[in-house]
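# Observations on the three-dimensional arrangement
Here is how the chains run, residue by residue.
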Amino acid sequence: MAIILGIESSCDETSASICIDGEIKSNIIAGQAVHAKYGGVVPELASRAHQQNIIPTVDQAIREAKVHKNEIDAVAFTRGPGLLGSLLVGTSFAKSFALARNIPLIDVNHMQAHILAHFIEDPKPSFPFLCLTVSGGHTQIVLVKDYFEMELLGETLDDAAGEAFDKTAKILQLPYPGGPLVDKYAQEGNPDAFSLPEPQIADLNFSFSGLKTAILYLVQKHEKENPDFLQENLKDVCASVQARIVSILLNKVKKAAKQTGIKDIAIAGGVSANSGLRSALLAMGDRYKWNVFIPKFEYCTDNAAMIAIAGYHKYLKQDFVGQEVAPLARLHL
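Residues numbered from 1 in each chain as written. Predicted model: local features only at pLDDT ≥ 70, side-chain atom pairs only at ≥ 80, totals over all residues. Heavy atoms only, no water.

- By the naming in an unreviewed UniProt entry, the chain is tRNA N6-adenosine threonylcarbamoyltransferase, taken from Sphingobacterium spiritivorum ATCC 33861.
- Annotation of the chain in UniProt includes, under Sequence similarities (unreviewed entry), the sentence "Belongs to the KAE1 / TsaD family."
- Taken from UniProt, the Subcellular location (unreviewed entry) comment for the chain reads in full: "Cytoplasm". (UniProt positions renumbered as here; feature names shortened; annotations may be inferred.)

Here it is as structure tokens:
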């Protein structure tokens, strides 16, 4: 039997999870409300909040899983990518816990963990599969050949899809975090109300900077004519923006599926919680006879269950790191 403690601290969620023989027994997430008044994550405040949250979060995860700390066989932690100060808190705790207990230490790539969240519950995709990984900092199409053999087929050349949602929310004067609010209002709006451009980017890469500019110009133009434009058209603007971001993402997925001939298609990362993306992918899956895999909401955003499941598969391979390991703000797939 293998009991893995997973720790995630890459941005503004402190999370701890216990995985026993590939089964998640607890997944505790402590958020950070402190960033709301600043309209975005403040790195220094994030790392301080992680310091406050890490011990009670780990303690709760262990208690909920009904195990004793002395039974834990290994500690898996997010090494990167992410905010360096935040990563340092999780890494330092993991190293200390492993050293005190004399158990192995397992480093996990945050983006790989998002993809491996698909192996927490059934149904699970079969290798090889394609995964669209979309978050606040990343937008990637990944060919997943095995648990830790992944090939990057395409990525964003500038902004990530999650950033496009959050920046749109700022333009629309919505409070932070704005992405989920754009999704909420979009569900009641008309996606064809406003025309927005689709960038013509080569191969399987993405770009969202031009779209953000187009949204800003659209709002400025209409507000000149009508100061109440946003108030009167908020739902339609959100629906139009969401529809365009989703079409940019899924047109590239369709292209990747055609190029590779792969029928198992998955999404992962924070933006995979977006209702418009989830429903559009399911509809596209029906049309093209794909097997579509979408994680539960709790495994879309940053969480330690995905770190623990990745750690479990690394544990099976005896893939450990030493106490000299250091977090990396940038870490390639």
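Okay, back to it.
## Some words on the UniProt feature "binding site: substrate" (unreviewed entry) in the chain
- Those residues carrying the UniProt feature "binding site: substrate" (unreviewed entry) are Thr133, Val134, Ser135, Gly136, Gly137, Asp166, Gly179, Asp183 and Asn274 in this numbering.
- With residues up to four places along the chain from it excluded, the contact list for Ser135 reads Met111, Ala160, Ala161, Gly162, Glu163, Gly270 and Val271.
- Structurally, Asp183 can be placed in helix H5 (residues 179–186).
- A residue is classified by how much of its surface remains accessible, and Asp183, at 9% relative accessible area, is buried. (Contact = heavy atoms within 4.5 Å. Helix = DSSP H or I, 4+ residues; strand = E, 2+ residues; numbered from the N terminus. Buried < 20%, exposed > 50% of the residue type's maximum accessible area, 1.4 Å probe, protein only.)

## Side note on unusual backbone geometry
- Across the junction of Gly80 and Pro81, the peptide omega takes the value -5°, indicating a cis bond.
- Counting through the fold element by element, Pro81 comes out in the loop between strand S4 (74–80) and helix H2 (84–101).
- Cis geometry is found at the peptide bond from Tyr176 to Pro177, where omega equals -5°.
- Structurally, Pro177 can be placed in the loop between helix H4 (161–171) and H5.
- Positive phi outside glycine occurs at Lys66, with the angle close to 60°.

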